[in-house]
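Structural description and commentary
Each chain, written out:
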Amino acid sequence: MNYKIVIRVVSKFLIPYMLLFALYVQWHGDFGPGGGFQAGVIFAAGFILYGIVFGVGNLRDVVPAWVTRTLLAGGVLLYAGVGVAGMLMGGSFLNYSVLAATPTGGQHLGILLVELGVGVTVAAAMITIFATFSSRER
Amino acid sequence: MIFQHLPILQILIPLLAAPLALLLRTPLLSWALALVASWASLAVSVALLLRVLAEGVVVYELGDWAAPWGIEYRIDALNGFVLIIISLIGAIVVPYAKRSVEAEVQDRRIYLFYTMLLLCMSGLLGITITGDAFNLFVFLEVSSLSTYVLISLGRDRRALIAAYRYLIVGTIGATFYIIGVGLLYMSTGSLNIGDLARLVPALADNRTVQAGMAFLTLGLSIKAAVFPLHLWLPNAYTYAPSAVTVFLAATATKVAVYALIRVVFTIFGGVDLFEAFGVHTTLMMMAIVAMFVGSIVAVYQGNIKRMLAYSSIAQIGYIILGLSFDSVTGVTAGIVHLFNHALTKGGLFMAMGCIALVAGSVRLDDMAGLGKRMPVTMAAFVAGGLSLIGVPLTVGFVSKWYLIKAALEQGSMLIAMLIVLSSLIAVAYVWRVVEVAYFRDPPDGDTAVREAPVSMLVPMLILVGASVYFGIDASTTLDIAGAAAAALMGVGG
Amino acid sequence: MAFPGLLNYWFVVILMMIGFFIVIAHGNLVKKIVGLNVFQISVFLFYITMGKVDGGSAPILAEGIEVYSNPLPHVLILTAIVVGVATTALGLALVVRINESYGTIEEDEIGAMEDDA
């Protein structure tokens with residue numbers, strides 16, 4: 001793979017920024033455009049780029065199947081967990097206002113956690129889809 | 001406090017159990033989790049229906065956002081009843097599935113099977129419980145996507161093709177549905193089903209609304225396999241693993257029919273659709289053709305699972321026929337047949353699963369002498385078959401009795417005759433199986449009794465027993481279906 | 001009526017018909033999935049167009065802007081896009097497995113094999 005030296009160097013340089021941008025989109029989601037879906041896809045794109053350039057074997061060393069599987073289920077459980085927490089604290093399912101001392105604070109916390117759950121699941125799903133397809137042909 | 005949250009728990013239990021089953025990864029643990037989750041959701045749906053019958057409509061607002069801005073779950077007699085159908089079949093299928101799935105699905109995929117079954121269950125329950133048209137689409141896709149996976153888990157490679165075809169057709173159906181929702185949203189600005197029902201009558205002459213109605217009906221008819229949109233169904237049922245066939249045959253099409261009822265009788269309840277667009281005659285003709293084509297094609301099938309699949313198309317025809325009468329009796333017949341057919345077909349496909357496990361084949365030619373070798377299973381099959389025909393003392397009779405009553409109320413002797421005639425064709429296909437199984441000797445003279453495991457026989461007998469019990473004492477089911485029909489028609493006028 | 005008028009809706013219908021035609025007319029299983037995608041994308045475009053309010057800006061709170069486009073259809077269609085991605089992934093996964101067990105992804109060749117079987 002030495003002949004792809006430009007691609008390898010450039011993508012090594014790019015991937016950290018892609019991940020950073022994904023995190024920006026994730027955490028900035030409640031002030032501007034952004035949120036879990038988009039952030040998850042961008043985050044996964046970083047890993048997928050790594051997988052394309054360095055091979056799926058290396059990608060699976062970085063994120064083994066058990067990691068993506070756990071994150072896949074964990075994200076959904078986080079989302080639903082926030083909903084259940086709202087229920088336990090006296091509101092309806094997914095009522096964020098009751099989560100913290102003030103309704104605004106609760107809304108803030110709730111949407112942040114829910115979007116985190118979405119982002120984690122989407123990123124894990126995208127990586128899983130890519131890795132499963134590309135490790136198939138052997 | 002927990003009672004107040006019952007509607008969301010109905011969805012949440014299977015929906016939370018699904019990712020947990022994914023994490024557990026062992027066949028036994030994921031099965032046990034599915035078992036607990038399905039019985040818990042059965043308990044929830046029973047509690048919900050009792051509450052609906054006692055107090056009237058139960059409403060739950062997600063995140064405490066008031067409807068029509070937020071998503072609300074809204075349970076009345078109709079969807080309370082459908083919730084019971086889904087969770088009852090789910091609770092009975094999971095214990096049945098254990099041995100059947102061990103034999104038919106690769107070991108390393110079993111935990112995925114239960115994950116998908118739970119997701120499918122929560123999707124179907126969600127379609128039923130939600131009061132929001134777009135939320136319904138989301139749950140429709142949750143259940144559809146997991147259904148495609150479940151079908152593709154079948155042993156036969158043709159299962160893959162069947163799943164692929166269903167994916168294409170099902171996605172087109174679901175996309176039609178969102179086009180319809182979009183058109184309604186454009187013209188009314190609301191996604192809440194109750195709110196739509198209030199806003200649509202004033203706009204009944206609006207072309208956008210009419211186009212929306214057409215897209216909604218067509219999309220849901222594809223999912224419900226209403227004739228002539230049924231072509232995905234026979235292969236999907238035939239090649240799916242037995243337990244999946246049982247679950248899908250008993251629930252998936254029923255839920256799509258339920259959604260169709262919601263669109264036709266609730267959203268467009270205030271519009272006199274049947275008069276205005278001739279929907280009435282179109283539906284009735286399609287239903288009658290389905291009854292005959294489904295039954296006649298069933299007679300010529302060599303594979304009994306496929307035979308039962310075609311019979312399902314005919315039975316959906318009966319349900320649609322009931323709805324097309326647009327009278328309280330007719331709609332009652334349709335709704336009660338949703339339940340009755342779920343019991344009957346569930347029991348019959350369970351018998352097929354037992355035969356597939358023990359005899360290794362569900363082709364008619366391989367079933368010679370099965371009456372002696374598998375007496376319990378074949379007895380259950382015969383009882384289920386009698387119910388398909390509509391013999392008195394079975395649930396099939398109750399449904400057909402009400403259908404004929406509704407037909408006579410309309411003064412249509414012809415349709416009543418056609419119902420009886422199409423039932424006679426059912427005699428032909430059920431008899432073919434009985435003849436081969438009871439009156440032909442086993443190929444190698446082997447008459448030793450070899451039955452399916454108890455864990456599969458008991459669920460099968462419960463369903464078949466229920467289809468006899470509710471045939472003898474139909475007052476419970478008829479009361480609920482009657483109340484649901486009256487509520488629907490009360491809106492519709 | 002200003003320039004775009006109903007133009008977007010014409011594109012929706014054209015895309016929808018193209019996608020639908022590909023699904024029906026093509027025998028290649030991958031091409032069918034592509035057609036299905038075009039079909040779904042026409043619906044995405046439909047919802048996005050629906051949300052546009054004449055003279056409205058992007059629905060972000062800011063000084064001096066009073067008319068906003070309706071963000072709800074956009075949110076709805078985000079869900080549908082995710083569903084579309086899942087459907088595509090699942091469909092392609094099925095095609096991969098069909099290819100592994102049949103050795104072809106042409107519908108007529110598969111049909112011919114099934115008749116022999």
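Residues numbered from 1 in each chain as written. Chains lettered and ligands numbered in written order. Predicted model: local features only at pLDDT ≥ 70, side-chain atom pairs only at ≥ 80, totals over all residues.

The helix and strand inventory of chain A stands at five helices and zero strands. Sequence-ordered secondary structure for chain A, helices as α and strands as β, is α-α-α-α-α. If you line up chain A on its principal axes, its C-alpha atoms span 60 × 30 × 15 Å. Taking the contacts inside chain A whose residues are at least 6 apart along the sequence as the reference set, 63% of them involve residues at least 24 apart. (Helix = DSSP H or I, 4+ residues; strand = E, 2+ residues; numbered from the N terminus. Contact = placed C-beta atoms within 7 Å.)

Quick look at the overall build of chain B now. Helix and strand counts for chain B stand at 20 helices and two strands. Its C-alpha atoms give chain B a radius of gyration of 21 Å, within 12% of the compact-globule value 23 Å for 493 residues. C-alpha extents for chain B along the principal axes are approximately 70 × 55 × 40 Å. The contacts in chain B between residues at least 6 apart in sequence include a share of 80% that link residues at least 24 apart. (Rg over C-alpha atoms; globule rule 2.2 N^0.38 Å.)

By a widespread convention, an interface's size corresponds to the accessible area lost as its parts come together. Listed by partner, the interface residues are 13 residues for chain B and 13 residues for chain A. Contributions of two or more residues to the side of chain B that touches chain A are made by helix 1 (6-24) and strand 1 (58-61) of chain B. Among the elements that make up the side of chain B that touches chain A, the one with the highest residue count is helix 1 of chain B (seven residues). Taken together, the residues of the side of chain B that touches chain A break down into nine nonpolar, two polar and two charged. (Nonpolar A, V, L, I, M, F, W, Y, C, P; charged D, E, K, R; others polar.)

A few words on the packing of helix 14 (residues 328-359) of chain B against helix 17 (residues 395-409) of chain B. Residue and element names in this part refer to chain B. Where helix 14 contacts helix 17, the two axes come as close as 9 Å, and the packing angle between them is 160°. If you check the angle between helix 14 and helix 17, you find them roughly antiparallel. Read as a crossing pair, helix 14 and helix 17 show a hand that is left-handed. Taken together, the residues of helix 17 that come into contact with helix 14 (itself represented by Thr329, Gly330, Thr332, Ala333, Val336, His337, Asn340, Leu343 and Thr344) are Val395, Gly396, Val398, Ser399, Tyr402, Leu403, Lys405, Ala406 and Glu409. Counted by class, the contact of helix 14 with helix 17 contains eight nonpolar, eight polar and two charged residues. (Axes fitted to C-alpha atoms, helices over the stretch in contact; angles between N-to-C directions. Parallel < 35°, antiparallel > 145°, perpendicular 65-115°, else oblique. Left-handed = near helix turned anticlockwise from the far one by under 90°.)

Attention now goes to the packing of helix 1 of chain B against helix 2 (residues 27-55) of chain B. Residue and element names in this part refer to chain B. Contact geometry for helix 1 and helix 2: axes closest at 9 Å, N-to-C directions at 175°. Classified by the interaxial angle, the pair formed by helix 1 and helix 2 is roughly antiparallel. Where helix 1 abuts helix 2, its residues Leu6, Pro7, Leu9, Gln10, Ile13, Pro14, Ala17, Leu20, Ala21 and Leu24 lie against Leu29, Ser30, Leu33, Ala34, Ala37, Ala40, Ser41, Val44, Ser45, Ala47 and Leu48. In terms of residue class, the contact of helix 1 with helix 2 is made up of 17 nonpolar, four polar and no charged.

To continue, consider the interface of chain B and chain C. Opposite the 22 residues of chain B that make contact, chain C presents 25 residues. Contributions of two or more residues to the side of chain B that touches chain C are made by helix 5 (133-152) and helix 6 (158-188) of chain B. It is helix 6 of chain B that provides the largest number of residues to the side of chain B that touches chain C, a total of 14 residues. For the side of chain B that touches chain C, the residue count by class is 15 nonpolar, four polar and three charged.

In this model helix 2 (residues 36-54) of chain A runs 27 Å from its N-terminal to its C-terminal C-alpha over 19 residues, within 8% of the 27 Å that 1.5 Å per residue would give. Each element contacted by the buried residues of helix 2 of chain A is listed here: helix 1 (5-27), helix 3 (56-62) and helix 5 (103-134) of chain A together with helix 3 (72-102) of chain C. Immediately downstream of helix 2 of chain A, the backbone of Gly55(A) shows phi near 95°, a positive value. (Expected span 1.5 Å × (residues − 1).)

Before going further, it helps to spend a moment on helix 12 (residues 279-299) of chain B. All names here are of chain B. In this model, helix 12 (21 residues) spans 30 Å end to end at C-alpha, consistent with the 30 Å of a helix rising 1.5 Å per residue. Within the sequence span of helix 12, burial applies to Leu283, Met284, Ala287, Ile288, Ala290, Met291, Gly294, Ser295 and Ala298. One side of helix 12 holds all its buried residues, which, seen down the axis, span an arc of 150°. Taken together, the buried residues of helix 12 touch helix 13 (304-324) and helix 18 (413-439). (Buried ≥ 20, exposed ≤ 12 C-beta atoms within 10 Å, placed from the backbone. Arc of directions from axis to C-beta.)

Residue and element names in this part refer to chain B. In this structure, the amide linkage connecting Phe227 to the following residue, Pro228, adopts the cis form with an omega of -5°. With respect to the helices and strands, the residue Pro228 is situated in the loop between helix 8 (207-224) and helix 9 (233-239). Residues other than glycine seldom take positive phi values, yet Asp326 does so here, at roughly 60°. By the element assignment, Asp326 lies in the loop between helix 13 and helix 14. Asp326 sits in the buried class, given 22 other C-beta atoms within 10 Å. Even without being a glycine, Leu393 presents a positive backbone phi close to 75°. Among the structural elements, Leu393 can be located in the loop between helix 16 (375-389) and helix 17. On the neighbour-count criterion, Leu393 (14 C-beta atoms within 10 Å) is partly exposed.

By the secondary structure assignment, Tyr469(B) is in helix 19 (residues 454-472). Note: C-alpha distance between Tyr469(B) and Glu72(B) (397 residues apart in sequence) is 35 Å.

Turning next to the environment of Val263(B). All names here are of chain B. Mapped onto the elements, Val263 comes out in helix 10 (residues 242-267). Residue Val263 is classed as buried on the basis of its C-beta count, with 25 C-beta atoms lying within 10 Å. A sequence separation of 66 residues divides Val263 from Ala197, and the C-alpha atoms of the two residues are 9.0 Å apart. When sequence neighbours within four positions are dropped, the list of residues in contact with Val263 reads Leu216, Thr217, Leu220 and Phe268.

All names here are of chain B. Position of Leu248 relative to the elements: it lies in helix 10. Judged by C-beta crowding, with 28 C-beta atoms within 10 Å, Leu248 ranks as buried. Counting along the chain gives eleven residues from Leu248 to Tyr237, while the straight-line C-alpha distance between them is 7.8 Å. If we ignore the near neighbours within four places in the chain, the residues touching Leu248 are Thr147, Tyr237 and Ala240.

Functional significance is not addressed by these values, which are geometric in nature.
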